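# Structural overview for review
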Amino acid sequence: MNRKQNIIINFICICMILGLLIPGLSVSAATEGDADQDYGSKVKNRAVYVSGNASSGDATPGQPIPIDAPDITASSAVVMDIDTGEVLYEKNAFQKTYPASTTKVMTALLAIENLKLSDTVTIESSDNELVPKTYVTMYLQSGEQLSVEDLLHALLLYSSNEVAFALARKVSGDYDSFAKLMNDTADSLGCVNTHFVTPNGIFSKDHYSCAYDMALIGCDAYKNSTFKRITTTFSYTIQPTNLNKNPRQFFTRTHLISPESRFYYKNATGGKTGYTDDGNGALVAYAERDGRRLCASIMNCDPDDDKFSDAAKIFDFCFNNYISYKPLQNFSFSDAVTNNGSSIMMTYDKVSAIKFKDYSVDRNYSVSIRNYIDTSLFKKQINFSGNDSDVLGTIDIYYDDNLVGSADIYSTLATPGDGVYINATPGDTIPKRGKADFGKPFRVIGEFFSRHKMIIILPVIVLILGGASRRYFRIKKERERRRKNRGVFKKDN
């Protein structure tokens, strides 16, 4: 083997060794993680299972309630973190039930999203005629005109049923079209066992939901500032209208926020009650404490008033036993591993192509965990999607080999904001943009050999083996020649 061949083989071998030894050189193509297996392929916000948390992850009957959770009267209930969608407590979360007037949470939300508060709504005779005699009404007259603002307060505080029909007409033109809008919206939110027929929850076997779905709807509604303002209102007065010269004052039916009620709960901020003879008591309630916002969905509670006691019990349990943990607050990309067990820059398949642009994740991303959990046991795994979009992948958070959260990785070139930047994080070896990057040629070479390693390694092995064989036979031949020459020299001597 000549000198030139030796140099080429040695250079290839050195590059391969550098690709294995220098961080950031060996880059493997990223693969997307398996899709979550969820209930009915619709559950969007799954419960987190972390050491004793009640889990809705598999959405199957008989999921465990935490052993230290309080007993409640309701046959089904869910407490959901409004900001993360995590289920902190559940009891028969997906059990089919009749939501009664908690249905009006959805009606109010759709009215707020599709109408102006100053819009005028005219009551029609059908709005009153469709309400059974035993159901709550404001006794609004046909032809009476009220603002959407007035009607929303009457709907959410007083639970007036003709108001729900009036708002449905105003939004969609007719009741059936509005019911379709309700069901389409429920599907988009990830509801798994819900079908609405009326805008107010008048009993029908075809009008049903479950605690999990009503919590989803409740959380989405509470994020709307107008809905939150109205549902947290204690009392409201409708001023005289074209057909009624007297002001009409009414109070919330959510006794949790009534200071004089025996059911008063200091952390409660509002809610919507419901009751039918067939569905018993129901409640969607809200509470806030120490910056945390929770929604409780209580279904099929008999006797009816126990829904308030149940809500207070499970609110207290969740506030007292869970904390909001921010696993990425002091996160360094170099501390995490990727889905192939290597460091961050050993995964992304387009290192040279992206020119080492910055990455960021939400510094305030949080997961709810039991307050006795050792946070040092959380592990973070980086999964790049390989897509060209602004979202480059995810950082998955694990505890005890259970996936408990996932945060998107963004390109800071396209996504400004308060993020954790890879190039501004201590411990990262990638230089800041604008600085000299003496290691880049080696990373590019390493990337090339990593992506084409199977094509390159086999010929290299063949060349090495071939070279070794040739050298072996050359040495053997040289030794044989020397041996023969030694014999000749002896005779000459």
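How each quantity is defined
Residues numbered from 1 in each chain as written. Predicted model: local features only at pLDDT ≥ 70, side-chain atom pairs only at ≥ 80, totals over all residues. Heavy atoms only, no water. Patch = residues over 30% accessible without salt bridge, like charges linked within 9 Å, V, L, I, M, F, W, Y side chains within 5 Å. Areas by Shrake-Rupley, 256 points an atom, 1.4 Å probe, with all protein chains shown as cover. Salt bridge = Lys/Arg side-chain N within 4 Å of Asp/Glu carboxyl O. Helix = DSSP H or I, 4+ residues; strand = E, 2+ residues; numbered from the N terminus. Buried < 20%, exposed > 50% of the residue type's maximum accessible area, 1.4 Å probe, protein only. Pairing = 2+ DSSP bridges. Polar contact = N/O pair within 3.5 Å; in protein donor to acceptor, adjacent residues only side chain to side chain. Contact = heavy atoms within 4.5 Å. Axes fitted to C-alpha atoms, helices over the stretch in contact; angles between N-to-C directions. Phe/Tyr/Trp six-rings, centres within 6.5 Å; stacked < 30°, edge-to-face > 60°. Lys NZ or Arg CZ within 6 Å of the ring centre and 35° of its normal.

## Some points on a nonpolar patch on the surface
A contiguous nonpolar patch, built from Leu-458, Ile-461 and Leu-465 and spanning about 290 Å² of accessible area, is present on the exposed surface. Note that Leu-465 resides in helix H12 (residues 453–492). By relative accessible area, which is 53% here, Leu-465 ends up exposed.

## Description of the pairing of strand E8 (residues 280–289)
Counting buried positions along E8 gives eight out of ten residues, so the element sits mostly inside the fold. Here strand E7 (residues 268–276) folds back onto E8 in antiparallel fashion, the turn holding three residues. In the sheet, E8 pairs with strand E9 (residues 292–301) via eight bridges, with the strands oriented antiparallel. Each bridged residue has a counterpart across the sheet, and for Ala-287 the counterpart in E9 is Leu-294.

## Notes on the side chain of Ser-101
With respect to the helices, strands and loops of the structure, Ser-101 is situated in the loop between strand E2 (87–91) and helix H2 (104–114). Note on Ser-101: relative accessible area 11%, which makes it buried. In terms of polar contacts, Ser-101 uses its side chain to reach the side chain of Ser-159, at 3.3 Å. Beyond its immediate sequence surroundings of up to four residues, Ser-101 is in contact with Ser-159, Asn-161, Asn-200, Lys-272, Thr-273, Gly-274 and Tyr-275.

## Things to note about the pattern of salt bridges
If you walk through the whole model with that rule in mind, you get twelve salt bridges. For Asp-81, the salt bridge identified is with Arg-292, shortest N-O distance 3.0 Å. Here Asp-81 is found in strand E1 (residues 76–81), whereas its partner Arg-292 is found in strand E9, with 211 residues between them in sequence. Across the pair, Arg-292 and Asp-81 agree in class, each one buried.

## Here we look at the sheet that holds E2
Taken in spatial order, the five strands make up an open sheet running E2-E1-E9-E8-E7, and their pairing is antiparallel. Of all the strands in the sheet, just E2 and E7 have a single pairing partner and so form its edges. Neighbouring strand axes in the sheet, compared pairwise and without regard to direction, differ in orientation by 10° on average. Set on the sheet, helix H7 (residues 211–222) makes contact with E1, E2, E7, E8 and E9; between it and E1 the angle comes to about 35°. Contacting E1, E2, E7, E8 and E9, helix H9 (residues 306–321) crosses the sheet at an angle of about 145° to E9.

## Observations regarding unusual backbone geometry
If a residue is not glycine, its phi is most likely negative; likewise, a peptide bond is most likely trans. Backbone torsion omega between Asp-302 and Pro-303 reads 10°, so that peptide bond is classified as cis. For Pro-303, the position within the fold is in the loop between E9 and H9. In this structure, Asn-92 takes a positive phi of about 50° despite not being glycine. Position of Asn-92 among the secondary structure elements: in the loop between E2 and H2.

## A few points about the side chain of His-153
Its place among the elements puts His-153 in helix H4 (residues 148–158). Its relative accessible area of 2% is what places His-153 among the buried residues. At 2.9 Å, the side chain of His-153 forms a polar contact with the backbone oxygen of Glu-149. Residue contacts for His-153: discarding those within four places in its chain leaves Tyr-158, Arg-229, Ile-230, Thr-233, Tyr-236 and Phe-250.

## Side note on the packing of aromatic side chains
The final tally for this structure, using the stated rule, is 14 aromatic pairs. Ring geometry for Phe-165 versus Tyr-175: centroids 5.1 Å apart, planes at 65°, classification edge-to-face. Here Tyr-175 lies in helix H6 (residues 175–189) and Phe-165 lies in helix H5 (residues 161–172), a separation of ten residues in the sequence. In this structure Phe-165 comes out as buried when scored by relative accessible area, which is 4%. An aromatic cluster is defined as three or more aromatic residues linked by ring pairs; in this entry it consists of Tyr-158, Tyr-236 and Phe-250. Here the guanidinium or amino end of Arg-253 rests over the ring plane of Tyr-158, the centre of that ring lying 4.7 Å away. Over the ring of Tyr-322 we find Arg-370, and its NZ or CZ is 5.3 Å from the ring centre.

None of this, on its own, says anything about what the molecule does.
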